[in-house]
Amino acid sequence: MKISRIMGLAGCVMALLGQITVWAENLPDRVSGSFPCQEGTLTVDAAVTYQEEAAFTGTASMIPFQKELVKEFFGEPEYWREDTQFGEDTLVYEENGLFEKSVILGSEDEQGRSFHMEMELRSSEEYEAIRQRMKVTDTQQAIDILGISADVTGWMNSDPYYFETLQGKINGVHVAAYSPVKSTGQICYEYGDMTGVQFQGNYEVKEMEPAKLLSMDEILERVRQYTEDGTIKLIYTTGDIYGGTGDSMTYDPEEINTVYELELQYYLERSGDEITFRPVWVFKMPNMLNEMGGEDEAAEDVHFAEDAFYLDAQDGTYLSTNVASNVAVPQG
């Protein structure tokens, strides 16, 4: 049964009462297991998390970023003008030629529509003037005003800059960070004040239908199969790693090769002219980037996504994140 966006999400849920099995009722709070592979043992000792109690597959459409929302974000709409000097939709804020705040709304491509906003500052006095005039003071306000469907899920601190990473959502569920089609972004703070927003791929449901998911026992059985056949390979097995400062560091292989959380998210990809989404289990493991560092890059000042690999929640297909993690990317 397909559901059109025309009905509205609330109406969709009501229309499906009695037809959807709320799979979350049957999920355990935690799962555990040991899965030997050639390089060692992959350990699962994980909390099972989800954001909605029903899962769907379907198609998605982009939510356009409205110029009026951008003006509301910064305030003082009478001082904005449109400018296409960069070959894109651009808004420029001017007051007596003293300073500008430029906003670029990038064009659509196969990855979605990119959105970039930044302030161009010329002096400390201008910076203070912008800070005083901005309507937005925190990340949640920025997300709400700009109509971005996302949560803050990570951060990085590099004085004087502080970045909060944004993870997009569809129908209230996180979009997997390393999906082929992205829904990610960040908000930058400088000396404690917001100075920029970037976001790519703001999506909403176009059509959807209920997804029938494997049980958690079946998912863990797929993990066992993938470790046995070599699809899942461990990278960190010796207890030493080349650190960010040029020195090796020692860690506990058992701890670093343990899945600590399974979260149900949506995987976005392009199928012909359409953007599709499907539920996947995201296996999260400690990211070694969070453990390395020295005087200029302290471990406590970095937090990135820790997705090691994905399994399709409907049939158990292995989906790599294609990033360096504790699990090697399979060849072929």
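For the structure, see preceding data.
S.K.: Whenever I open this one, the overall build of the protein chain confuses me. Can you help?
M.R.: Within the protein chain, the secondary structure is distributed over six helices and 21 strands. In the protein chain, which comprises 332 residues, the proportion classed as buried is 47%. A separation threshold of at least 6 residues defines the contact pool for the protein chain, and within that pool the share at least 24 residues apart is 61%. Summed over all atoms, the accessible surface of the protein chain reaches about 16300 Å², with 46% contributed by carbon and sulfur.

S.K.: I tried to follow the pairing of strand S20 (residues 307-312) on my own but got confused; where do I start?
M.R.: Looking down a regular strand, the side chains alternate between one sheet face and the other. With six of six residues buried, S20 lies mostly within the body of the structure. Here strand S18 (residues 274-284) runs beside S20; their pairing, made up of five bridges, is antiparallel. The residue of S20 that forms the bridge with Trp281 is Leu311. With three bridges joining them, S20 and strand S21 (residues 318-320) adopt antiparallel strand pairing. Following the sheet pairing, Leu311 is matched in S21 by Tyr318. Connecting S20 to the next strand, S21, in antiparallel fashion are five residues, including Gly316 with a positive phi near 80°.

S.K.: Where do I start with the environment of Tyr226 in this structure?
M.R.: By the secondary structure assignment, Tyr226 is in helix H5 (residues 216-228). The class for Tyr226 is buried, based on a relative accessible area of 15%. Along the sequence, Tyr226 and Phe35 sit 191 residues apart, while their C-alpha atoms lie 9.3 Å from each other. Other than its neighbours up to four places away in sequence, Tyr226 contacts Thr231, Ile232, Leu311, Gly316, Thr317 and Tyr318.

S.K.: I'm lost on the side chain of His174 in this one. Help?
M.R.: Considering the arrangement of structural elements, one finds His174 in strand S11 (residues 173-174). Since its relative accessible area comes to 8%, His174 is described here as buried. Discounting residues that sit within four places of it in the chain, His174 has contacts with Gln51, Asp151, Thr153, Gln167, Gly168, Lys169, Glu263, Gln265 and Tyr266.

S.K.: How should the packing of aromatic side chains be read in this particular structure?
M.R.: Aromatic ring pairs are reported here in terms of the distance separating the ring centres and the angle at which the planes meet. In the structure shown here, the tally under the stated rule is seven aromatic pairs. Both rings, one in Tyr226 and one in Tyr318, keep their centres 5.6 Å apart while their planes meet at 65°; by these two values the pair is edge-to-face. Taken as a pair, Tyr226 in helix H5 and Tyr318 in strand S21 lie far apart in primary sequence, 92 residues in all. Note on accessibility: Tyr226 and Tyr318 belong to one class, buried. Among the aromatic residues, those joined into a cluster by ring pairs are Tyr226, Phe283, Phe309 and Tyr318.

S.K.: I keep staring at unusual backbone geometry and nothing clicks. Help me out?
M.R.: Across residues other than glycine, the phi torsion is negative in most instances, and most of the peptide bonds are trans. The phi dihedral of Asn171 falls on the positive side, at around 55°, and the residue is not glycine. When you line up the elements, Asn171 lands in the loop between strand S10 (161-170) and S11. Looking at Asn171, the relative accessible area reads 22%, which means it is partly exposed.

S.K.: Please explain the pattern of salt bridges as it appears in this structure.
M.R.: Side-chain pairs of opposite charge can arise whenever the charged atoms involved come near each other. Inspection of the entire model under this criterion finds eight salt bridges. Linking Arg224 and Glu221 is a salt bridge whose minimum nitrogen-to-oxygen distance equals 4.0 Å. Linking Arg224 with Glu221, this pair stays in helix H5, spanning three residues, or about one helical turn. On the basis of relative accessible area, Glu221 is assigned to the partly exposed category, the value being 35%. Between Lys284 and Glu263 there is a salt bridge, with the nearest N and O atoms lying 2.8 Å from each other. Residue Lys284 is located in strand S18, and its partner Glu263 is located in strand S17 (residues 258-271); the two are separated by 21 residues in the primary sequence. With respect to class, Lys284 is no different from Glu263; both count as buried.

S.K.: Just to check I follow, could you spell out the nonpolar core for this structure?
M.R.: Soluble globular proteins: nonpolar side chains tend toward being buried together. Membership of the largest hydrophobic core comes to 44 residues, with the highest contact counts inside it found for Leu42, Ile170, Leu262, Phe277, Trp281 and Phe283. Elements that contribute at least two residues to this core include exactly strand S2 (30-37), strand S3 (40-49), strand S4 (56-62), strand S14 (203-210), H5, S17, S18 and S20. Beyond its immediate sequence surroundings of up to four residues, Phe283 is in contact with Ile219, Val223, Val259, Glu261, Leu262, Glu306, Asp307, Ala308, Phe309 and Leu311. Core analysis: the second largest hydrophobic core is formed by 17 residues, Phe73, Ile145, Leu146 and Val197 among them.

S.K.: Could you clarify how one ought to interpret the side chain of Lys284 in this entry?
M.R.: Owing to a relative accessible area of 12%, Lys284 belongs among the buried residues under this scheme. There is a polar contact of 2.8 Å between the side chain of Lys284 and the side chain of Glu263. With near-sequence residues (within four places) excluded, Lys284 lies in contact with Thr258, Val259, Tyr260, Glu261, Glu263, Gln265, Glu306, Asp307 and Ala308.

S.K.: When you look at H5 in this model, what are you seeing that I'm missing?
M.R.: Note on helix geometry: an α-helix contains 3.6 residues per turn, so any two residues three or four positions apart are oriented the same way. For H5, which comprises 13 residues, the first-to-last C-alpha distance of 19 Å matches the rise-based estimate of 18 Å (1.5 Å per residue) to within 8%. Where H5 is buried, its residues contact S2, S3, S17, S18, S20 and S21. Two residues or fewer after H5 comes Gly230, characterised by a positive phi angle close to 90°.

Rules of the game
Residues numbered from 1 in each chain as written. Predicted model: local features only at pLDDT ≥ 70, side-chain atom pairs only at ≥ 80, totals over all residues. Heavy atoms only, no water. Helix = DSSP H or I, 4+ residues; strand = E, 2+ residues; numbered from the N terminus. Buried < 20%, exposed > 50% of the residue type's maximum accessible area, 1.4 Å probe, protein only. Contact = heavy atoms within 4.5 Å. Areas by Shrake-Rupley, 256 points an atom, 1.4 Å probe, with all protein chains shown as cover. Pairing = 2+ DSSP bridges. Phe/Tyr/Trp six-rings, centres within 6.5 Å; stacked < 30°, edge-to-face > 60°. Salt bridge = Lys/Arg side-chain N within 4 Å of Asp/Glu carboxyl O. Core = buried A, V, L, I, M, F, W, Y, C linked by side-chain atoms within 4.5 Å. Polar contact = N/O pair within 3.5 Å; in protein donor to acceptor, adjacent residues only side chain to side chain. Expected span 1.5 Å × (residues − 1).

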